[in-house]
Amino acid sequence: MFKEVLAFVAKMRRYLFNSGWIMLEKILSLGITFLVTLLVARYLGPSQFGLLAYAMSLTALFGVAGHAGLSGLVMRELVRNPDKIHEVLGTSLVMKAIGYLVGIALVLIFTFSTEELGSDGFYILIILSFTMLLKPFDVIDFWFTSQLKSKFNTYAKVSAMLIVAGLKVLFVYMGAHILYFALANTLQVVLASVLLIVLYQHKSKLSLFSWQASRKRAQQLFSEGWMVFLGSIFAIIYLKTDQVMLKWLVGTEEVGIYAVAAILSEAWYFVPVAIVTSFFPKLINMQKQNDPRYAPSMQQLYDVLFLIAVSIAILVTLFAGPIISSLFGSDYAGSADILIIHIWAGLFIFMRAAFSKWILIEKLVVFSLVTQGLGAFVNVGLNLYLIPRFGGEGAAYATIISYAVASYFSLCVHQKTRPAFFMMSKAMVSPIRLLLNMAK
């Protein structure tokens, strides 16, 4: 099996190269965001950093209204109908704009209802809500990706990130108020959107004013994407609800301590996405051609993802204390215990990445909606029970259990998803299988 794993990894390198620009953006984003977050967290301290993390999580929760389930559908339509680019992009822009306007309205209603007028929390939520104003122009990102020109997405997003990262460092040096960091986050979205627009105008030679919205196209996109849209709402609930509920049930300081652990734990989540996305086209072809290598390749994919996830989890568990104390300081000492728990959710997150592509190949997308919904329900229920009793550690346990239920245990219920359940189960004993094969 060891040779098979090495051969599989070597094979995937070719596909990773094809999506190199997307990988580059994710790696740069991860590195820059982590370093700046480290600096900002130490400067603000757990309470104020927790307030900022809470506001960002709440904005993300309401901002999911702008997702509209369009990403994959828009790219498909742009590839299939190059003569309808203006209609596809225009309709998508309008659909996302309506969603984000709803998101802004919800944030404003919530803010005026729950925050003290004139408080830091009040102003931070107002400022961050306006990150949604230019988010609809993310449809340009879809166009560049569909044209295999992802490097321009990278140029725009990384340039904006570098400028804002420099500003945040300057704010720390100046001893700036927390509101400046909220403004910086909003500025990053504005800069990235403006750069995308400029690059689109320059590279496509097409004008945004030529885009057209079509009711028929909107109905078609929504009829195909509503299930993905609803699934994305459930997904964001159990990705972001922990920090929101920590603030409500415990306080902002606990949010700050938890947020640091979550940042270190979730920093690895781009790895399975990059691996699976790169290998996805090959799996599609194998399944279409009834290639006998399809099932073994899927199993190898699960095996590799689990092995990477469990290796990361063990290393982080062993060194969580020194990592937190050396990087974030004694104020965040409580993050280590949370990190030791939270990092093990990665086992299910990594394998979920393969499952999400498998259900697309097998045309079982409805199970994405069902499992994500179940995960959201379990996560909220467990947070309500565990957070008042165990604080951030309770939220971390809720995260692991909800991910395990949504991405593993629920798959054994229906016969159509049981093959994925069995592949995941086999992957969980892959370290033992690997040792046995090496011993032969």
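Shown above is the structure to which this text applies.
Residues numbered from 1 in each chain as written. Predicted model: local features only at pLDDT ≥ 70, side-chain atom pairs only at ≥ 80, totals over all residues. Heavy atoms only, no water.

1. A few points about the overall build of the protein
The criterion, for reference: Secondary structure elements are taken from DSSP: a helix is a run of H or I of four residues or more, a strand is a run of E of two residues or more, and numbering for both begins at the N terminus. C-alpha atoms define the radius of gyration in this analysis, and the globule rule sets the expected value at 2.2 Å times the number of residues to the power 0.38. Any two residues having at least one pair of non-hydrogen atoms within 4.5 Å are treated as being in contact. Where accessible areas are quoted, they stem from the Shrake-Rupley method and a 1.4 Å probe; at the residue level, only the protein chains shown are allowed to cover.
If you tally the helices and strands in the protein, you get 18 helices and 0 strands. Rg of the C-alpha trace for the protein: 22 Å, near the compact-globule value of 22 Å for 440 residues, within the 12% margin. Oriented by its inertia axes, the alpha-carbon framework of the protein measures out at about 65 × 55 × 35 Å. Of the contacts made within the protein by residues no fewer than 6 positions apart, 81% connect residues no fewer than 24 positions apart. With an accessible surface of roughly 20,200 Å², the protein has 68% of that area assigned to carbon and sulfur atoms.

2. Some details on a nonpolar patch on the surface
As a reminder, the rule being used: Patches draw on residues past 30% relative accessible area with no salt bridge. Two like charges within 9 Å are joined, as are two nonpolar side chains (Val, Leu, Ile, Met, Phe, Trp, Tyr) within 5 Å. What counts as a salt bridge is simple: a side-chain nitrogen of Lys or Arg found within 4 Å of a carboxyl oxygen of Asp or Glu.
A cluster of nonpolar residues, V94, I98, V102, L106 and I109, forms a patch on the protein surface that exposes about 410 Å² of accessible area. Tracing the chain through its elements places I98 in helix 4 (residues 85-114).

3. Topic: the packing of helix 12 (residues 294-328) against helix 14 (residues 346-361)
To keep things clear, this is the line we draw: Axes here mean lines fitted to C-alpha atoms, for a helix over just the part in contact, with angles spanning 0 to 180 degrees between N-to-C directions. Convention used here: angles under 35 degrees read as roughly parallel, angles over 145 as roughly antiparallel, angles from 65 to 115 as roughly perpendicular, and any remaining angle as oblique. Crossing chirality is assigned from the near helix's rotation relative to the far helix, an anticlockwise turn below a right angle marking it left-handed and a clockwise turn marking it right-handed. In this classification, the charged set is Asp, Glu, Lys and Arg, the nonpolar set is Ala, Val, Leu, Ile, Met, Phe, Trp, Tyr, Cys and Pro, and all remaining amino acids, among them Gly, are polar.
Direction vectors running N to C along helix 12 and helix 14 enclose 160°, while the axes themselves pass 7 Å from each other. Comparing the axis directions of helix 12 and helix 14 gives the class roughly antiparallel. Considering only the axes of helix 12 and helix 14, their crossing is right-handed. Here Y294, M298, L301, Y302, L305, F306, I308, A309, V310, I312 and A313 of helix 12 come into contact with helix 14, specifically with G346, L347, F350, M351, A354, F355, W358 and I361. Looking at side-chain class alone, the contact of helix 12 with helix 14 contains 18 nonpolar, 1 polar and no charged residues.

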